[in-house]
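Observations on chain architecture
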Amino acid sequence: MKLYKLLFILVLVVATIIPPKMIFAEVGLMIKVDLWENKLTVKEGEKTIKSFSIATGKDDTPTPVGYFTVIEKSKDWGGGFGSRWLGLNVPWGIYGIHGTNKPNLIGRNVSSGCVRMKNKDAEDLYEQIPVGTPVIIEGPIHGLDNHIDVLVVGSKGTLVYLVQQRLRLAGYYNGKVDGVFDNKTQKAIEKYQEDHNLIVTGNGNERLYMKLGLLE
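Notes on the structure in this doc start here. (Residues numbered from 1 in each chain as written. Predicted model: local features only at pLDDT ≥ 70, side-chain atom pairs only at ≥ 80, totals over all residues. Heavy atoms only, no water.)

1. Here we look at the overall build of the chain
As a reminder, the rule being used: Counting from the N terminus, the helices are the DSSP runs of H or I reaching at least four residues and the strands are the DSSP runs of E reaching at least two. Burial classes follow relative accessibility: with a 1.4 Å probe on protein chains only, a residue under 20% of its type's maximum area counts as buried, one over 50% as exposed, and anything between as partly exposed. In this analysis, two residues are considered to be in contact whenever any of their non-hydrogen atoms come within 4.5 Å of each other. Per-residue accessibility takes into account occlusion by the displayed protein chains alone, with areas from the Shrake-Rupley method and a 1.4 Å probe.
When you go through the chain residue by residue, the secondary structure sums to six helices and 10 strands. Buried residues in the chain amount to 48% of all 216 residues. Sequence separation of at least 24 residues holds for 56% of the intrachain contacts in the chain that already meet a minimum separation of 6. On the chain, roughly 11,100 Å² of surface is accessible, and the fraction owed to carbon and sulfur atoms is 51%.

2. Side note on the side chain of Asp34
We count it as follows: Working convention for charge: Lys and Arg count positive, Asp and Glu count negative, and His plus the chain ends are omitted. One side-chain nitrogen of Lys or Arg within 4 Å of one carboxyl oxygen of Asp or Glu is enough to make a salt bridge. Here a polar contact is recorded for every N or O atom pair within 3.5 Å, except that within protein the pair must consist of a potential hydrogen donor and a potential acceptor, and residues adjacent in sequence are included only if both atoms are side-chain atoms.
Along the polypeptide, Asp34 turns up in strand β1 (residues 29–34). Buried within the structure, Asp34 lacks any salt-bridge partner; Lys32 is the closest side chain of opposite charge, at an N-O distance of 5.8 Å. There is a polar contact of 2.9 Å between the side chain of Asp34 and the backbone nitrogen of Trp36. Dropping the residues within four chain positions of it, Asp34 is found in contact with Lys39 and Glu138.

3. Considerations on helix α4 (residues 158–169)
Put simply, the test is: In this analysis, the expected span of each helix is defined as 1.5 Å times one less than the number of residues it contains.
The end-to-end C-alpha distance of α4, which contains 12 residues, comes to 17 Å, matching closely the 16 Å that a straight helix rising 1.5 Å per residue would cover. Within α4, 10 of the 12 residues are buried, leaving the element largely enclosed by the surrounding structure. Taken as a whole, α4 has its buried residues at Thr158, Leu159, Val160, Tyr161, Leu162, Val163, Gln164, Gln165, Arg166 and Leu167. Positive backbone phi, approximately 85°, marks Gly171, located one or two places after α4.

4. Some thoughts on the pairing of strand β3 (residues 47–53)
Where we set the bar: Here the rule is simple: two strands pair whenever DSSP picks up at least two bridges between them.
Here strand β2 (residues 39–44) runs beside β3; their pairing, made up of six bridges, is antiparallel. For Thr41, the partnering residue across the bridge sits in β3 and is Ser51. Linking two consecutive strands that pair antiparallel, namely β2 and β3, is a turn of two residues; a positive phi of about 65° is found at Gly45 within it.

5. Notes on the packing of α4 against helix α5 (residues 183–195)
Put simply, the rule reads: The axes are straight lines fitted to the C-alpha atoms, using for helices just the contacting stretch, and the angles between their N-to-C directions are given from 0 to 180°. By definition in this entry, angles of less than 35 degrees are roughly parallel, angles greater than 145 are roughly antiparallel, angles of 65 to 115 are roughly perpendicular, and the rest are oblique. By definition, any crossing whose near helix is turned counterclockwise from its far helix by less than a right angle is left-handed, and any crossing with a clockwise turn is right-handed. Note on residue categories: nonpolar means Ala, Val, Leu, Ile, Met, Phe, Trp, Tyr, Cys or Pro, charged means Asp, Glu, Lys or Arg, and polar means any other residue, Gly included.
For the pair α4 and α5, interaxial distance at closest approach is 11 Å and the crossing angle is 55°. When the interaxial angle is binned, α4 and α5 end up oblique. Read as a crossing pair, α4 and α5 show a hand that is left-handed. In contact with Val163, Gln164 and Leu167 of α4, α5 contributes Thr185, Ala188, Ile189 and Tyr192. Broken down by class, the residue content of the contact of α4 with α5 amounts to five nonpolar, two polar and no charged.

6. A closer look at the environment of Asn203
For Asn203, the position within the fold is in the loop between α5 and α6 (206–211). Of the residues examined, Asn203 reaches a relative accessible area of 22% and is grouped as partly exposed. Taking C-alpha positions, Asn203 is 7.9 Å from Val153, a pair spaced 50 residues apart along the chain. Discounting chain neighbours no more than four positions away, the residues touching Asn203 are Val150, Leu151, Val152, Phe181, Ile189, Gln193 and Leu208.

7. Details of the nonpolar core
It is characteristic of soluble globular proteins that their nonpolar side chains tend to be buried jointly. The following threshold applies: By convention a nonpolar core is built from buried Ala, Val, Leu, Ile, Met, Phe, Trp, Tyr and Cys residues, the set being connected through side-chain atoms within 4.5 Å.
Among the nonpolar cores identified, the biggest contains 25 residues, and Ile31, Val33, Leu40, Leu88, Ile97, Met117 and Leu125 are the most heavily contacted of them. At the level of secondary structure, the elements contributing two or more residues to this core comprise β1, β2, β5 (66–74), β6 (85–88), β7 (95–98), α3 (119–128) and β10 (134–138). The element that contributes the greatest number of residues to this core is α3, accounting for three residues. Ile189, Leu198, Leu212 and Leu215 belong to the second largest nonpolar core, which has 18 residues in total.

In structure tokens:
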């Protein structure tokens with residue numbers, strides 16, 4: 001059985017993911033989320049300030065991987081979102097770092113894609129982190145089981161985002177790079193498949209990912 005290794009550490013595709021202003025950002029606070037270890041670390045430059053155990057997305061609702069920014073803070077999301085919310089600028093949905101009313105699930109992959117923390121930890125983070133703080137989330141694009149998704153119209157997430165970027169760089173896609181698989185994305189894939197002697201399906205699949213350099 002062939003085994004393909006997905007290039008799921010975003011450092012490997014940093015040239016097409018990281019916002020230009022973040023590459024040489026001033027030394028300051030940043031958040032790093034490690035999905036393999038379920039750990040959130042607050043850093044200042046190279047110095048680690050604090051680390052927290054977290055809960056992250058399930059295999060079918062993975063936490064987004066990439067480079068984001070804290071764009072809002074709130075004390076009153078309530079309910080399952082716990083006592084604090086830090087919203088991220090993920091283009092294909094509403095995701096954030098927040099507290100939880102189920103602290104016993106911290107350390108597990110149980111969320112719908114958000115990063116959960118114990119309420120006391122979320123409150124600590126809330127006080128430390130201003131709006132505008134960069135957030136780096138590293139981990140497997142597909143979830144921890146490393147399955148390879150077939151993308152169709154309506155699909156959303158990190159892999160769609162990467163496919164759109166690669167198609168744009170190759171001159172096939174001029175729509176929004178937003179992680180949402182729409183009709184423009186489908187048409188771009190069809191043209192790319194036709195030009196590269198692939199079976200024309202209009203879907204994102206293993207052969208397409210290999211040709212785009214997303215699989216090795």
